[in-house]
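What follows is the residue order along each chain.
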Amino acid sequence: MIITELVFVRHGEAQCNADGLVGGPLTCTGLTNRGYAQVEQAACRLADEHRDKPFDALYAGPRLRLIQTGEILSQSLRIPLITDVRLDGPIHGDADGRPWAEVKTAADGGPHAHPDTPWALGSDTWNGYLKRAGAHLAQLIEEHEGDRVLFAAHGETVIVAHTLLLGIPLGSPAGFTVTHGAITRWQHHRNRLDQTRWILDRHNDTSHQALPAKEASS
């Protein structure tokens with residue numbers, strides 16, 4: 001029996017992504033046309049299952065690309081969008097708005113490369129972000145025990161979920177690919193012996209993006 005279900009949709013391609021810029025709150029100007037299309041295809045797919053097994057809540061973080069992603073999902077599924085600062089992405093400090101290539105060169109790698117060292121002045125450390133965001137996600141999971149919850153999420157939030165629910169040690173060199181508009185699903189199961197465990201049902205599912213527009217919306 002599934003107790004709780006968490007479904008994450010990574011936001012569609014944003015302009016900062018297309019431009020190769022660090023997309024902090026000062027720089028994020030929202031989705032590109034391609035990004036809108038990616039989320040609309042995910043929304044059509046999720047609307048089909050929502051009719052049979054409704055979602056109880058829809059969340060997005062505060063950055064514009066997440067709010068726009070959440071609004072598309074909200075309109076398609078006809079459920080209200082809750083914006084929650086606990087789902088914000090990493091703090092980038094002085095890197096906000098700078099080219100990622102420049103930031104990574106100066107920091108000798110991306111945020112994951114030196115997980116206990118800030119990648120720019122005033123930024124998080126990668127492990128610090130995972131710890132903070134993991135605690136926030138754990139709060140949301142506790143608040144929604146027994147619910148189906150949909151998230152318009154950063155790719156980093158998906159990684160946080162995996163780190164939390166798989167019990168991955170902070171600083172692990174392993175990582176996960178999270179594609180724009182991809183769907184990731186976690187389910188909390190209880191068996192007949194009253195034993196529970198989290199199961200990763202799917203990760204980085206973009207099969208809806210492979211469908212022609214008419215077929216994806218059927």
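One structure accompanies this document, and this report is about it. (Residues numbered from 1 in each chain as written. Predicted model: local features only at pLDDT ≥ 70, side-chain atom pairs only at ≥ 80, totals over all residues. Heavy atoms only, no water.)

### Section: empty space enclosed by the protein
(1) Moving on: For the coordinates displayed, the defined rule picks out one cavity of 30 Å³ or more.
(2) Moving on: Taken together, Arg86, Leu87, Asp88, Tyr129, Ala133, Leu137, Thr157 and Val160 form the lining of the largest cavity.
(3) Moving on: In terms of residues, the lining of the largest cavity owes the most to one element, helix 5 (residues 126–143), which gives three residues.
(4) Moving on: Split into classes, the residues belonging to the lining of the largest cavity amount to five nonpolar, one polar and two charged. (1 Å grid on protein atoms, 1.4 Å probe; cavity = no way out; pocket = protein on both sides within 12 Å on 5 of 7 lines; lining within 4 Å. Points joined across faces, edges and corners; volume = space filled by probe spheres on them. Helix = DSSP H or I, 4+ residues; strand = E, 2+ residues; numbered from the N terminus. Nonpolar A, V, L, I, M, F, W, Y, C, P; charged D, E, K, R; others polar.)

### Points about the layout of surface pockets
(1) Moving on: Considering only enclosed or pocket space, the largest pocket measures out at about 570 Å³ in volume.
(2) Moving on: Lining the largest pocket are 27 residues; nearest its centre among them are Arg10, Trp100, Lys104, His112 and Glu156.
(3) Moving on: Going through the elements one at a time, helix 1 (15–19), helix 4 (100–106) and helix 6 (155–166) are the ones with two or more residues in the lining of the largest pocket.
(4) Moving on: Looking at the lining of the largest pocket element by element, the count peaks at three residues for helix 6.
(5) Moving on: The residue inventory of the lining of the largest pocket, partitioned by class, reads 10 nonpolar, 12 polar and five charged.
(6) Moving on: The volume enclosed by the second largest pocket comes to roughly 190 Å³.
(7) Moving on: What lines the second largest pocket is a set of 15 residues, among which His112, Trp126, Leu130, Ser172 and Ala174 lie closest to the centre.

### Observations concerning the packing of aromatic side chains
Geometry of an aromatic ring pair is reported as the spacing of the ring centres plus the angle between the planes.
(1) Moving on: Counted by the stated rule, this structure contains three aromatic pairs.
(2) Moving on: With a centroid separation of 4.8 Å and an interplanar angle of 15°, the aromatic rings of Phe8 and Phe151 are classed as stacked. Residue Phe8 is located in strand 1 (residues 2–10), and its partner Phe151 is located in strand 4 (residues 148–153); the two are separated by 143 residues in the primary sequence.
(3) Moving on: Positioned above the aromatic ring of Phe55, the side-chain terminus of Arg148 is 4.1 Å from the ring centre. (Phe/Tyr/Trp six-rings, centres within 6.5 Å; stacked < 30°, edge-to-face > 60°. Lys NZ or Arg CZ within 6 Å of the ring centre and 35° of its normal.)

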